[in-house]
Structure formats: C-alpha cells, structure tokens
Amino acid sequence: MDLITLAEVSGNLSTIGYGLAAIGPGIGIGIVFGKAIESTARQPELGGRIQTLMWLGFGLIEILALLGFIAFFIMK
Amino acid sequence: MIGVSGVGISLAAGSFQVPSVDEFMPPEILFQGTPFALNRIIIVRLIATVVLLLMLGITAARAKLIPGRWQGAIEWLIEFIRDNIVYQVMGELRGKQYVPMITTLFMTIFVFNLCGIIPGLNIAATATITMPLLFALWAFAQYWVAAVKGKGLGKFLKDELLPAGVPWPIYIILVPMQLLDIVLIRPFSLTIRLFANMISGHILVALCFAATQFFLIDAANKAFIGLGAVTFVAGFVMTLFEAFVAAIQAFIFATLSAVYINLSYPE
Amino acid sequence: MRTEAAGGIQLFLPETYDLVWSAIVLVIIAVFFYKFFLPKFQSVFDERAKKIEGGIANAEKTQKEADEAKRKYEEQLNTARVEASKIRDDARSEASHIIGDARTKAEGEAAQITANAQRSLQTQQQQAMVKLRGEVGTLATALAGKILGSKLADNSVQSTMLDQMIDDLSGDDR
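Given the structure is predicted, the values throughout are model-derived calculations rather than measurements.

Topic: the UniProt feature "transmembrane region" (unreviewed entry) in chain A
Under the local residue numbering, the UniProt record ascribes the feature "transmembrane region" (unreviewed entry) to residues 15-33 and 53-75 of chain A. Its end C-alpha atoms 27 Å apart, residues 15-33 of chain A is made of 95% helix and 0% strand.

Describing the interface of chain C and chain B
Where interface size is quoted, it is often the accessible area lost as the parts come together. Counting from both sides, the interface comprises 38 residues of chain C and, opposite them, 58 residues of chain B. Of the roughly 4000 Å² buried between chain C and chain B, counting both surfaces, carbon and sulfur atoms make up 78%. In this structure, the connection of chain C to chain B is made through two salt bridges. Connecting chain C to chain B are 10 residue pairs in polar contact (both at pLDDT 80 or more). Here the side of chain C that touches chain B is composed, by residue class, of 26 nonpolar, five polar and seven charged.

Some remarks on the UniProt feature "transmembrane region" (unreviewed entry) in chain B
Residue and element names in this part refer to chain B. The feature "transmembrane region" (unreviewed entry), as given by UniProt, occupies residues 41-61, 98-121, 127-147, 168-188, 194-216, 223-241 and 247-265 in the numbering adopted here. This span, residues 127-147, is 86% helix and 0% strand, and a straight line between its end C-alpha atoms measures 30 Å. Annotated as residues 247-265, this span is 89% helix and 0% strand, and its ends, taken at the C-alpha atoms, are 28 Å apart.

What to know about unusual backbone geometry
One non-glycine residue, Asn122(B), adopts positive backbone phi at about 60 degrees. When you line up the elements, Asn122(B) lands in the loop between helix 5 (99-114) and helix 6 (130-150).

So, a nonpolar patch on the surface
All names here are of chain A. There is a patch of nonpolar side chains on the surface, built from Leu13, Ile16, Leu20, Ile23, Ile27 and Ile31 and spanning about 640 Å² of accessible area. Broken down by secondary-structure element, the contributors of at least two residues to the nonpolar patch are helix 1 (13-21) and helix 2 (23-42). Relative to the elements of secondary structure, Ile16 occurs in helix 1.

A closer look at the confidence of the model for chain B
Residue and element names in this part refer to chain B. Confidence in the prediction for chain B averages 84 pLDDT; 92% of positions are at 70 or higher. The least confident element of chain B, judged by mean pLDDT, is helix 1 (residues 2-11) at 38; the most confident is helix 5 at 93. Contacts for the low-pLDDT stretch residues 1-13, under 50 throughout, to residues beyond four places or in other chains number 19 contacts. Among the prediction metrics, the complex's ipTM stands at 0.81, with pTM recorded as 0.71.

Parameters and conventions
Residues numbered from 1 in each chain as written. Chains lettered and ligands numbered in written order. Predicted model: local features only at pLDDT ≥ 70, side-chain atom pairs only at ≥ 80, totals over all residues. Heavy atoms only, no water. UniProt positions renumbered as here; feature names shortened; annotations may be inferred. Helix = DSSP H or I, 4+ residues; strand = E, 2+ residues; numbered from the N terminus. Contact = heavy atoms within 4.5 Å. Buried area = accessible area lost by both parts, 1.4 Å probe. Salt bridge = Lys/Arg side-chain N within 4 Å of Asp/Glu carboxyl O. Polar contact = N/O pair within 3.5 Å; in protein donor to acceptor, adjacent residues only side chain to side chain. Nonpolar A, V, L, I, M, F, W, Y, C, P; charged D, E, K, R; others polar. Patch = residues over 30% accessible without salt bridge, like charges linked within 9 Å, V, L, I, M, F, W, Y side chains within 5 Å. Areas by Shrake-Rupley, 256 points an atom, 1.4 Å probe, with all protein chains shown as cover. pLDDT = per-residue confidence, 0-100.

Okay, here's the thing in structure tokens:
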C-alpha cells in the first residue's frame, strides 16, 4: 500500500453494477404489483386474469434484473 | 461474491466459506470424460426424476374415483395447470393439445426447483444452464411448429416482424428487434430466468447459513453470536422464499410458454 | 474465490454430459406424462363426470317416474270421485224412483181397494135395498092388510100405495 493511498476499497465493480441494474426492475416490479392490486380492487371479478397477467409482467421485468445478475458473473 | 468475501476476510482470517458459483460447476464424479459423466447436480436431477416418477406413478396407478387427500391435491394441481394456465391463455379448443406439454414443464420444473431446499440434496436440479435451456428449446420448437401449422411461416413472420399500425420508419428498428425477440430473446429469457433464479436463491440461502456457521462457531469474536441468530432466521426465511420462488418460476415458465405458443396462432 | 477463472462465462455454457442427462431425464418424464400420467387422470375425470351425470340422469328419471305415478294416482282419485258421485246420484234417483213407484203403486192399490170397497158397499146396499124393498113391501102389505083388513084387498090400490111409500123411503135415504 502506498503512503499516498489513504483508503482502499477491494472488490469488483460488477457488484455495484448489479446494484444499479436492480433499481429499474425494482421500480417496475413495484408498479406491476401495485397496479395489479389496484385493478383487482376495481374489478374483483377479473382477479384471476389480472393475477396471471401480473405474474407475466413480473417475469418479463425480472429478466432485466437477472440479466444484471448474470452480467455480474460473466464480467468478473 | 467478492464483496462478501472481502467482508469475511476483514472480520477474521478464519474459514468463512463463501458460497461461490463453483457449486454450479461441480466436478465429475463418475464416468469422467465420457458423455455420461455424472456430477452432483446430475445425480440430484436423477434422484428428483425417480422421486417424481414414483410419486406421481403410484398416485396415478392407485387413482380412485373418490379421491383421497393426496390424490385430491394432485388432481387440484392438474386442473390448475389445465384451467388456469393453458385454457386461460389459449382457450380450451386450442389448448387441449398443449396440456400434456405444459403439465410436464410445470411439474418437472417445480419438483426440480424444490430440490434446492430439500436437505441432503440442497441444490436445485435446474441449477445448471442445460436443464432450463432444454425446457426453453422445447417451448421454442413448439411455438415455431405452431406458427408453421397455425398461421403459416410467412404470415407469422409478417405479423411478428411488421406489426400493423406502425409508421414505416419505425420498422428499421423494429424488424431486427422483433427478429431477435422471436429467435433469441424468448428462449433465452426463459432459460436465464429459471437458471438465474435458482443460482441466486441457492447463493442467498447458502450465504445465510454459511454466515450463521461462521458467526456461531468459527468466529473468534463471540460478540457476533447475535448476528449469527439474525442470519439464521434470514436463512430460514430465505428457504421458505425459495419454496415460493420454485412454484412461481414453474408457473411463469409454463404460462410464458403457453403465451408464446398462443402468439403463433391467428387470433 | 480461488478458482475465479473457472467461473464467469463457463456457467452459461452447457456441458455435453449435462445435455445428455438432461435430455434423457426430460424425455423420460415427458413420456411418463404423455403416455401414462395424464391419460390415466383424464380417464378418472371422465369416469367421475360420467358417474355424476349418470347420477343426475337417474335422479331425473326417478323424479319423472314419481311425477307420473302421482299424476296417475290423482287421475284415478278424480275418476273415483266422479264415479262415486255418479253412483250416489244414480242411487239417489233410483231411490226416488223406487219411492215414487211405491207411492204410485200404493196409491193405485189404495184407490182400487177403496173402489172395491165402495163397489161392494154399493152392491150390498143395492142388495139390501132390493131385499128391504121386498121385505118391507111384504111386511107393509101384511101390516096394512091387517090394519085395513079386506078394505084394501083391491090390488091396484095396494100397489100404488106401496110404491108411494117406497119412494118416500128412498127419498129420505138419499
């Protein structure tokens, strides 16, 4: 360690990258579930259909977070 | 996992066994070097297959008109997959021929995922890329076959690549994107979703229990015992969460396969 | 993290033996589901549906039969009621007939008896009258002869007087 180095952070930038990549999907999943709850409250009789669509949307958004996750493994 | 290992090293130079991706590439145990080599995950997969076949086979062989509790549960699952996944997405007429496929996908993925939290197996049988990839390729093949049979290949490609009601300059961007979508993104998103979920779930659970062991037993500083309790509870919760994820992933995989196949048919 | 080099991209590259085993497993499970598991449960579902439908059909049949029986019973009851009332009416009319007959017969008989009695009474009366006339005549003649003696021996006077007397008598009688 040099004398000039005052603080050292060890680790991999991919970790931070994954953290950043998870922000968008996090917001997205929040919106998906929130909207699903809202629509179920408005139209309770469509609950089953809405739930299916909700999980579909969840799956599509989740893949974004998971891409960040695998990028973390690949890039390290 | 570097970040975590960094923390571990800073706490004590002891043996904090950080779970790593190496667990998903276990060494070959039997028949090394041949196409039939066995490693830990494949053995888990074989065990899961045998258990699945035995469990459902015995249930089916003993199936009675008046169902018992166990048979009732299995029947509920079958009807759930049929009615809530296949028929809801495709409609009864079209969905009929895909019921066995979707049921196979759902049940297999569900049981294989559950292996991840069963003590003794402790790793999901779907935790190598191959298994999800095969499932996805099956769905991929089915929706291309359905496209050729249902719409005809030309019509299918036209509908997918050149959706109506879009101004033509957009097509320059849209066509390659859509092509990429139907050829690559659909199967690979299916694969990656399942696979990455299993990896992350396993790592989370393993991390929690590894930390528990480190804090409670290995750590020199006994001040961390409280933290160990926290990580133990977290591991417990994560285990339950993994059971939930196992079911959800099976459901999403089955539903998305059904949706992709349905997209290949005319409305 | 010692074997970092082994990580990364390799995680996403399928191994040959992995592919082989996955395919074997998947094919076995798929065959199991396609050929055994789902057809078996489908047959169980079908059988159950058939049984339930059969039960419903049976119940419907029984219901229909019961309705039929009830209808028949009510019909029978109705006809019986009608018949009974008819019989009653018949009986009543017959009874009135019989009574009427009996009455007319009795009346006739009574009238006949009365007539007979009257007739016999009349004949007796006439007989008695004739006899009386004879006797009274003789008696009176004898009595008058005795009283008047031979004065009245004249026949013509005698018969005139007698007739006069009898006429008076019967006139009183009437």
